[in-house]
Amino acid sequence: MPPAGSRTRRDEIVRLATTTGLASVADLSRSFGVSPSTIRRDLAQLTAEGRMARTYGGAMALVAHPEASLRQRTGEAFEAKRAIARWAADQIGSGETILLDGGTTVRALAHELRHAELLTVATVGLPALEELADADGVRVECLGGTLRPVSQSFVGPFTEAALEHLSFDRLFLGTDGVAAGFGICEADLRQTRLKELMARRAERVYVLAHAAKVGRRPFHAWARLPGDWTLVTDATADPSAVAALRAEGVSVVTVGLPA
C-alpha cells in the first residue's frame, strides 16, 4: 500500500481493525510502508480520540463489527450457499444421524435434506427446524436452550447438557469468519463454546462458509476445532487464506458456482 497522509492512514487503521479484528503494529507498518514508530504515534492519537483501545503489540477497535441478523444475511451469496449446501447434502448417507448448527448456509443444507429418507437430524437452529418440520423421512431432534434472537439459534447450559446424550455421524457448522491461526469466529463466546462441544460429539466435522467469510475476523470470540475438520467454501475464496488453512492441516473443499 502506498504511503498515505496521517489522517487518511488513521481512518484506514480504524476501518481495518473494525472489519478484521486486532491491528498489529508490525502488520500495519508493512501495509502502509511506514515505520513502527509512526504506527505507534497513530495508535496513540486514535486512542486519545477514543477510536481505538491499545493492546500489547497493537490495538483494537472500540466499536465492534456489528452482527447482522439472520434476516439480513438470508439473501447474501445465495448461489454460493446453495452450491455449498448441495455438496454437503451429497456427503450424507441414508440412516445417518447428523447435527446442524444455526446460520443461513446450514439452513440451505436443511432445505436440501427435506426429501431425505431414514435420516435423523438434531439442530440448535430454528431455521433448520422450520425447513424440516414437515419432512416425512427425517426424524428431527431439537437441542433447546436460550434463544439468541439475532442468530435464531439456541445456546447455553440446557443446549450443552442435551449434547451429552447424543453422538453424530456428521456435524455441519456455520460461522461468521474462519482464519488460519484462529479457527472459526463468532460474535458470542457462548456460540464458540457450543461449537467446540458439538465438534467433540461428531465423527466428521464440516464448516460451511462462503468465500466472503474465509480469512475474515469480524469478532473476537473463536472456536478451535480438531485438526481433521473440513472447510467447505466456494471457488471465489481468497487463495492465500485457503492455502494458510490447508497448511494447518485443514481439509478445504471449494465448490464451483453456476455459470
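Scroll up to find the structure.
Nothing here was measured: the structure is a model prediction, and the numbers come from that model.

Conventions used here
Residues numbered from 1 in each chain as written. Predicted model: local features only at pLDDT ≥ 70, side-chain atom pairs only at ≥ 80, totals over all residues. Heavy atoms only, no water. Buried < 20%, exposed > 50% of the residue type's maximum accessible area, 1.4 Å probe, protein only. Helix = DSSP H or I, 4+ residues; strand = E, 2+ residues; numbered from the N terminus. Pairing = 2+ DSSP bridges. Contact = heavy atoms within 4.5 Å. Polar contact = N/O pair within 3.5 Å; in protein donor to acceptor, adjacent residues only side chain to side chain. Core = buried A, V, L, I, M, F, W, Y, C linked by side-chain atoms within 4.5 Å. Axes fitted to C-alpha atoms, helices over the stretch in contact; angles between N-to-C directions. Parallel < 35°, antiparallel > 145°, perpendicular 65-115°, else oblique. Left-handed = near helix turned anticlockwise from the far one by under 90°.

1. Side note on the pairing of strand 9 (residues 168–173)
Within a regular strand, the side chains alternate between the two sheet faces. With 5 of 6 residues buried, strand 9 is to be regarded as a mostly interior element. In this sheet, strand 9 lies alongside strand 4 (residues 97–100) in parallel orientation, the contact comprising 3 bridges. Note that in strand 9 the partner of Leu99 across the bridge is Leu171. For strand 9 and strand 12 (residues 202–208), the ladder comprises 5 bridges, and the chain directions are parallel. Looking at strand 12, one finds that Leu173 is bridged to Val207.

2. A word on the environment of Arg139
Within the element layout of this structure, Arg139 appears in strand 6 (residues 138–142). In the structure, Arg139 is positioned 19 residues away from Thr120 in sequence and 4.6 Å away in space, judged by C-alpha atoms. Contacts of Arg139, omitting those with residues within four sequence positions, involve Leu119, Thr120 and Val121. Here the side chain of Arg139 touches Glu141 through a polar contact of 3.0 Å, side chain to side chain.

3. Details of the nonpolar core
For soluble globular proteins, the rule of thumb is that nonpolar side chains tend to be buried together. Membership of the largest hydrophobic core comes to 31 residues, with the highest contact counts inside it found for Trp229 and Leu231. Among the elements of the structure, strand 9, helix 9 (189–200), strand 12 and helix 10 (239–247) are those that each provide at least two residues to this core. At 4 residues, the largest contribution of residues to this core is made by helix 9. If we skip the residues at most four places from it in the chain, Trp229 touches Val178, Ile184, Val205, Val207, Val250 and Ser251.

4. Details of the environment of Phe182
You can see Phe182 is positioned in the loop between strand 10 (177–179) and strand 11 (183–186). Residue classification places Phe182 among the partly exposed positions, given a relative accessible area of 29%. Placed 43 residues apart in sequence, Phe182 and Leu225 show a C-alpha to C-alpha distance of 9.7 Å.

5. Side note on the side chain of Glu160
Mapped onto the elements, Glu160 comes out in helix 8 (residues 157–163). On the basis of relative accessibility, which here comes to 14%, the residue Glu160 falls in the buried class. With residues up to four places along the chain from it excluded, the contact list for Glu160 reads Arg193, Leu194 and Leu197.

6. A short note on the sheet that holds strand 5 (residues 119–123)
Within the open sheet, the 7 strands sit side by side as 6-5-4-9-12-14-15. Their pairing is parallel. Two strands close off the open sheet at either side, each with one partner strand: strand 6 and strand 15 (251–255). Geometrically, the sheet is characterised by an average inter-axis angle of 20° between neighbouring strands, direction not taken into account.

7. Considering the packing of helix 2 (residues 25–32) against helix 3 (residues 36–48)
Packing of helix 2 against helix 3 leaves a shortest axis separation of 9 Å and a crossing angle of 110°. In terms of orientation, helix 2 lies roughly perpendicular with respect to helix 3. Judged by the twist between their axes, the crossing of helix 2 over helix 3 is right-handed. Seen from helix 2, the contacting residues are Val25, Leu28, Ser29 and Phe32; seen from helix 3, they are Pro36, Ile39, Arg40 and Leu43.

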